[in-house]
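Spelled out from the first residue to the last, the chains are:
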Amino acid sequence: GENVEQHPSTLSVQEGDSAVIKCTYSDSASNYFPWYKQELGKRPQLIIDIRSNVGEKKDQRIAVTLNKTAKHFSLHITETQPEDSAVYFCAADSGTYKYIFGTGTRLKVLA
Amino acid sequence: GAVVSQHPSWVICKSGTSVKIECRSLDFQATTMFWYRQFPKQSLMLMATSNEGSKATYEQGVEKDKFLINHASLTLSTLTVTSAHPEDSSFYICSANDSLDGYTFGSGTRLTVV
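Predicted model only: the values in this text are computed from it and were never measured. (Residues numbered from 1 in each chain as written. Chains lettered and ligands numbered in written order. Predicted model: local features only at pLDDT ≥ 70, side-chain atom pairs only at ≥ 80, totals over all residues. Heavy atoms only, no water.)

Examining the overall build of chain B
Heads up, the rule is: Strands here mean DSSP runs of E at least two residues long; helices mean DSSP runs of H or I at least four residues long; both are numbered from the N terminus. Taken over C-alpha atoms, the radius of gyration is set against a globule rule of 2.2 Å times the number of residues to the power 0.38. Only protein chains enter the accessibility calculation, which uses a 1.4 Å probe; a residue whose area is less than 20% of its type maximum is buried, one above 50% is exposed, and one in between is partly exposed. Methods summary: accessible areas were calculated by the Shrake-Rupley approach with a probe of 1.4 Å, and residue burial reflects only the protein chains presented. Charged-residue counts in this description rest on Lys and Arg as positive and Asp and Glu as negative, His and the chain ends being excluded. Where a charge sits is defined by one atom per residue type, namely NZ (Lys), CZ (Arg), CG (Asp) or CD (Glu).
In terms of regular secondary structure, chain B is built from zero helices and 11 strands. Ordering the α and β elements of chain B from the N terminus gives β-β-β-β-β-β-β-β-β-β-β. The C-alpha radius of gyration of chain B comes to 13 Å, within 12% of the 13 Å expected for a compact globule of 114 residues. When burial is assessed residue by residue, chain B has 53% of its 114 residues classed as buried. As displayed, chain B has an accessible area near 5500 Å², and 53% of this comes from carbon and sulfur atoms. Within chain B, the 10 negative side-chain charges are centred at a point lying 9 Å from the centre of the 9 positive side-chain charges.

Concerning the overall build of chain A
Our working rule: The criterion used for residue contact is that any of the two residues' heavy atoms lie within 4.5 Å.
What chain A contains, in helices and strands, is zero helices and 11 strands. For chain A, the N- to C-terminal ordering of α and β elements is β-β-β-β-β-β-β-β-β-β-β. Counting all 111 residues of chain A, 44% fall into the buried class. Contacts in chain A between residues far apart in sequence, at least 24 positions, make up 52% of those at least 6 positions apart. Total accessible area on chain A is roughly 5700 Å²; 46% of this is exposed by carbon and sulfur atoms. Averaging the positions of the 13 positive and the 13 negative side-chain charges in chain A gives two centres separated by 4 Å.

As structure tokens, then:
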């Protein structure tokens, strides 16, 4: 089955700097890769996603890149703000709408 | 957008008792729902896939008799934690897929077994 690894587990950046979170997956059949942001005690919220037929996708300060050959994908947040502080999870699909999540990255943006 | 409602948001129960958690898709029909478990500061672990009108599919290592799942209608799936013990204390969260909005999570249920 699918296995998703995520790094780093914690990340602290100064406000305004960029943050990069990386994930690798094992199942070459996976073709959908969402990223979720979870604030303490709340439900995960989808922030961006990418499909395997696309190498990069951007939405304002957030971008995701996918290297299908190497089986890794990354989340890039530019011009970070304190409200970006949260736990971020990557995921890969493993069957129809069945997702396997990465271990999470706790991002702290320092003002 | 699609809304998935989950109840209760938190529950405290005594060891040995059972607790039922409901997951409802409010404005769409979901033939498949998913149940996840999340320990503090850890990732979401898929427990099972809930299939409307048929048996749930459990992930490896998840006890079927411990975590009973019922998906009796296209808008409701329930997870019952039977004979709960303190180690079952966790954050349980469901999700469902809407064809328009994709994957939507419920608000989660924090279970504390004392």
